[in-house]
Structure formats: structure tokens, C-alpha cells
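A structural walkthrough
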Amino acid sequence: MSEKYQKRILCIGAGYVGGPTMVMIANKCPRYKVTVVDIDKGKIEKWNSDALPIYEPGLDKLVKVARGKNLFFSTDIEKGIRSADIIFVSVNTPTKTFGAGAGMAADLQYWERTARQILECADSSKIIVEKSTLPVKTAQAMERILTAEKTDVHFEVLSNPEFLSEGTAVADLEHPDRVLVGSRLTESGIKARDELVNLYAHWVPQEKIITSDIWSSELSKLVSNAFLAQRISSINAISALCEKTDSDVANVAKAVGFDNRIGAKFLNASVGFGGSCFKKDILNLVYICQHYGLDSVADYWQSVIHINEYQKERFVLNMLNTMFNTLAGKRICLYGFAFKADTGDTRESPAIYVARRLMEEQAQVIITDPKALENAKQDLAGLKGDVEYIDDPYEAASSSHAIAIVTEWEIYRTLDYERVFRSMIKPAFVFDGRNIVDHQKLYEIGFNVHPIGKPAMTHLR
Ligand code: UDX
Ligand code: UDX
């Protein structure tokens, strides 16, 4: 049976990263057997059903092509380890909530447990691939655990960070800007690296597959996310200045982004960045810098997070100040709760902060989102305050005093805002935390419009 396949790949962790990555590998490498395992039985059941555990455009189609042929989802981690040639580890590495480094360092307990499980079950040599984002030198810790006992089997640890972005994961995996493989520069390290390079070469052009030493590879992932987040914090910091000087942040971003050396991407001012990676990875970077006594470097990167927190609070305070310094009892409708469009993921979403602060101001918060309402309910469970969840954006806005656009879902660009306006309490406000609606048009309909980093358009005198 197994001769049918050239290689057997295992991925431990069937989450946002492990799931889509393995689905793509299975589609592109039909002669490789790809098995994805997870400790969460419910999640594996969903991967084996028509209702996948994550929403990602285009993913279901790819799952259907490969599942049952060369793509399998299972909870039998031990069997998976025994039969695999290459093991990707994609378990979560959240920020530590306890003990030394709490709130900053990565919590590596799942990671270490997985390493020990591999050691316990493996009876032949294997390549272990770090897919999760990890602090620099984690591969070394992994190697130390894996070489602590057995001598007859050899484990070669590689770093292969994931650069996919949620909502566009399928396209990012299919046409990556680059694939990075970090290895030891020993003979066995380079041999293992070449195996992984060959896997990706099934569909990624050779010039986009880059290799490096293992520590640089680990660090590159943290630095890539830190640079992306830093661009958003830079433009968000400027958005505050634009609001004070009657300038338009979109015009500034356009002029700046036209410079080839800077480029136009990731310069959209917003209510703040969210997602499972940016904050966690920067905190990790800050923690490592502090560990090595590089306090000025740590402070520099910490300020990226500081501006993000400032931006979220500024958004809420702008609502409070504009709406006559009280939100108590007012109905405020959040358009969107996901951390970005085209995903149901709400991890670190600015919407969580905004909703919580509005509830503290005793506003009645109404939340609508095409994909994230179930996650929103979990995120806000246990908070004191008045909150409702409504699928239909028209119904959600009805009888509200204000709409706050928090996620850039396409649907919010094209609503019938005359209808929305008619159903709202006057004066009606729109706070556009993503600058996605036609501000002039909404103003003409009668809304008081408050974008990010642009002059407000108000009928109030
Ligand atoms: C996670 C990390 O958050 C990120 O830093 C890293 O880059 C990749 O892994 P993601 O896939 O988004 O990203 O996380 P999540 O969706 O939570 O998936 C992790 C999966 O690992 C979960 O399904 C969890 O059940 C599983 N897991 C966790 C195991 O199978 N075994 C464990 O011991 C722990
Ligand atoms: C990010 C990285 O892009 C990806 O390479 C890495 O592997 C994982 O982390 P992701 O978090 O899925 O991906 O989404 P991303 O598109 O980077 O957006 C992150 C946050 O920044 C979102 O809240 C988004 O709305 C916000 N953002 C993005 C802005 O506020 N302005 C922008 O110009 C771009």
C-alpha cells in the first residue's frame, strides 16, 4: 500500500496554518501521502466533513480534490509519527500567560510535548520541520530533546516559516513570494533541506525557494511580521496627525507608496491591526532583545504595539467625544468583528477592544459580521454589558445612533446606505475604521462621517 507513495508527510496541528498548507502540498504532490493530525477530535471530524473548521476562500475545493486519495485527517498522532518521513510541526505557540516572560515570551509547552512525543514514537530517522513561528534557537531546543535518548535514529530539524495570510491563504500558498528553508549547514542538514526544497519545487519556481542557516530562518519570520506591523503603525501614527492638520492619510500613503523603495502595500490606515501573529511575534522579538540586553532595540519594536493600542483607544475616544461625550444607553452597531475581511478569525481583532470599551462606556453594542459571529460571542462571553449579535447588517443598524466599521468586508462598501440612514436615530454617525465607504456620498445622505486620518464631514454646527 505504502509503495503507492513516494514520501509520507505528517503535519501535527490542523489549524489555520497546518490545515491549508497540507491541503496545498497534497494537491501539488499527488505522489506524496499527506496526513494531518490534531489532538482536537472535533476539529479532525470537521476536516473530514463538508463543514471545514476554518473559512478560507477556495479551500473546500482543494480539500475535495485530495481528501481520501493522498490527504488524510486523523487523531492517531502516534501512528502518524511512526510512518512519516517528514513531520511538519504546526501546533500553536501562544504568548505565555504565566511565570517568567508572561505576556511576552512564547508558551512552548505544546511544542516541547510534541517533540517528546516524536522521540517516543519514532523508530526510524525523520526530518522535522518547524512550521509554527517560534523564538530564535527553538530548533536547537528541539534537537536537544530529540537527541537526548536514542542513537539509532537521526532527526534533522529544519525551519520553514509560514508567510500565508488569512483570507488569501490559498493564493499565498499557491504563488508564494518566497519559500524559506533554514537548515544546519552540515551534510545531513543540507540533504534534509534539499528534500524539502524538492517538495516545494513541485509548484514553486526555484528562484523563489531560498535557503539559509536555521537561526536566520527562524528570525526572518519574526522580522517579516514585525516589519509589516511596523508599516501599519507608522501610517496609523500619521493618521492621528492628518486628523489634526486637515490632511488626508490616503493621499499621504499614496504619495509615499509611489516611491519604489517604499512601495504601496500595507499602508492602509485602520482602527489597528489584529490577527494571531503580529502582536505575538513582536512581543517575542522584544523579549529576545531584552534577554540579550538590547533594551533600545526592544523599545523600538515595543512602540509598534504601543501605537496599535493607541490607535484602538483613539477610535473609541473619537466616538465618545463626537457623540456629545456620552455613549451610555446609545446603540452602536459594529460592522464587522473579524480581524480582517474574508475570515471568521477574531484572534486579537481590534473589534474585541472596541466592543469592550464601548460596553465600559455603557453603550448597547450590536455586532454583525458575515463569518465571525460565533467567535465574537466567545470573545465577549463573560464581559459585563449590553451586547446583541445580528446577522443582517440592515437589521443590526436599525435604531442605532452610530455605525462603527471595524472590518473591511466587501459587503459594507455596497450596502444601501439610504435605507440604513432612514432606520437610524438622528443625528446618525458613521465611524469608518477602515476607510472603505464613500464618505462624500454618506455625508450627502445625511450621515456625520468620521473616517480615519481624514477630515470629519459633519452636519452638526
Ligand atoms: C499556530 C501558531 O499560532 C502560529 O504561531 C504558528 O505560526 C503556527 O501555528 P495556527 O495554525 O493559526 O497557528 O493555530 P491554531 O489554529 O490554533 O492551530 C494549532 C493546532 O494545533 C490546533 O488545532 C491544536 O488543537 C493543535 N495542537 C495543539 C495539537 O495538535 N497538539 C498540541 O499539543 C497542541
Ligand atoms: C500576517 C502576515 O501578513 C503573514 O505573512 C503571516 O504569515 C501571518 O501574519 P495575517 O495576520 O493573516 O497575516 O493578515 P494580514 O493581512 O497581515 O493583516 C494583519 C492585520 O493588519 C489585519 O488586522 C489587517 O486588517 C491589518 N492591516 C493590514 C491594516 O490595518 N492595514 C494594512 O494596510 C494591512
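Described in the following lines is the structure provided in the data block. (Residues numbered from 1 in each chain as written. Chains lettered and ligands numbered in written order. Predicted model: local features only at pLDDT ≥ 70, side-chain atom pairs only at ≥ 80, totals over all residues. Heavy atoms only, no water.)

1. What about the site of ligand 1?
In the vicinity of ligand 1 lie 18 residues, with Val17, Asp38, Lys43, Thr133 and Lys280 positioned nearest. Within the contact set of ligand 1, an oxygen atom lies 3.1 Å away from a backbone nitrogen or oxygen of Tyr16. Arg347 places a polar side-chain atom, nitrogen or oxygen, 3.0 Å from an oxygen atom of ligand 1. Considered on its own, ligand 1 offers 690 Å² of accessible surface; in the complex 91% of this is hidden by protein. Considered class by class, the residues forming the shell around ligand 1 number five nonpolar, seven polar and six charged. (Near = heavy atom within 4 Å. Polar contact = N/O pair within 3.5 Å; in protein donor to acceptor, adjacent residues only side chain to side chain. Areas by Shrake-Rupley, 256 points an atom, 1.4 Å probe, with all protein chains shown as cover. Nonpolar A, V, L, I, M, F, W, Y, C, P; charged D, E, K, R; others polar.)

2. Some remarks on the nonpolar core
Counting residues in each nonpolar core, the largest one holds 41 residues, and the members touching the most others are Trp47, Phe88, Leu199 and Tyr200. Discounting chain neighbours no more than four positions away, the residues touching Trp47 are Ala14, Gly15, Gly19, Pro20, Val23, Leu52, Pro53, Ile54, Leu59, Val63, Arg67 and Phe73. Leu320, Ala355, Leu380 and Ala404 belong to the second largest nonpolar core, which has 34 residues in total. (Core = buried A, V, L, I, M, F, W, Y, C linked by side-chain atoms within 4.5 Å. Buried < 20%, exposed > 50% of the residue type's maximum accessible area, 1.4 Å probe, protein only. Contact = heavy atoms within 4.5 Å.)

3. Quick look at the environment of Val36
For Val36, the position within the fold is in strand β2 (residues 32–37). It is 10.0 Å that separates the C-alpha atoms of Val36 and Ser90, two residues lying 54 residues apart in sequence. Residues contacting Val36, with those up to four places away along its chain left out, are Cys11, Gly13, Ala14, Met22, Ile44, Leu71, Phe72, Phe73 and Ser74. (Helix = DSSP H or I, 4+ residues; strand = E, 2+ residues; numbered from the N terminus.)

4. Concerning the site of ligand 2
Around ligand 2, 21 residues are found, and the nearest of them are Phe163, Glu166, Ser270, Phe339 and Arg434. Measuring from an oxygen atom of ligand 2, one finds a backbone N or O atom of Phe163 at 2.8 Å. Between an oxygen atom of ligand 2 and a main-chain N or O atom of Leu267, the distance comes to 3.4 Å. The protein chains hide 91% of the 660 Å² of surface that ligand 2 would expose on its own.

5. Some words on the pattern of salt bridges
Tallied over the full model, the rule gives 25 salt bridges. Of the charged contacts, one joins Arg8 and Asp85 as a salt bridge, the two residues approaching to 3.3 Å between their closest N and O atoms. Of this pair, Arg8 sits in strand β1 (residues 7–12) while Asp85 sits in the loop between α4 (77–83) and β4 (86–89); the two residues are 77 residues apart in sequence, bridging distant segments of the chain. Across the salt bridge formed by Arg347 and Glu166, the nearest N and O atoms sit 3.4 Å from each other. With Arg347 in the loop between β9 (331–335) and α13 (350–360) and Glu166 in the loop between β6 (155–159) and α7 (169–174), this residue pair connects regions lying 181 residues apart in the sequence. The class of Glu166 is buried, set by a relative accessible area of 10%. (Salt bridge = Lys/Arg side-chain N within 4 Å of Asp/Glu carboxyl O.)

6. Description of the packing of helix α9 (residues 214–245) against helix α10 (residues 249–257)
Between α9 and α10, the shortest axis-to-axis distance is 9 Å and the interhelical angle comes to 135 degrees. Relative to α10, the element α9 is oriented oblique. Here the hand of the crossing between α9 and α10 comes out right-handed. Note on element contacts: α10 touches α9 through Val249, Val252 and Ala253, opposite Ile235, Ile238, Ser239 and Cys242. Split by residue class, the contact of α9 with α10 holds six nonpolar, one polar and no charged. (Axes fitted to C-alpha atoms, helices over the stretch in contact; angles between N-to-C directions. Parallel < 35°, antiparallel > 145°, perpendicular 65-115°, else oblique. Left-handed = near helix turned anticlockwise from the far one by under 90°.)

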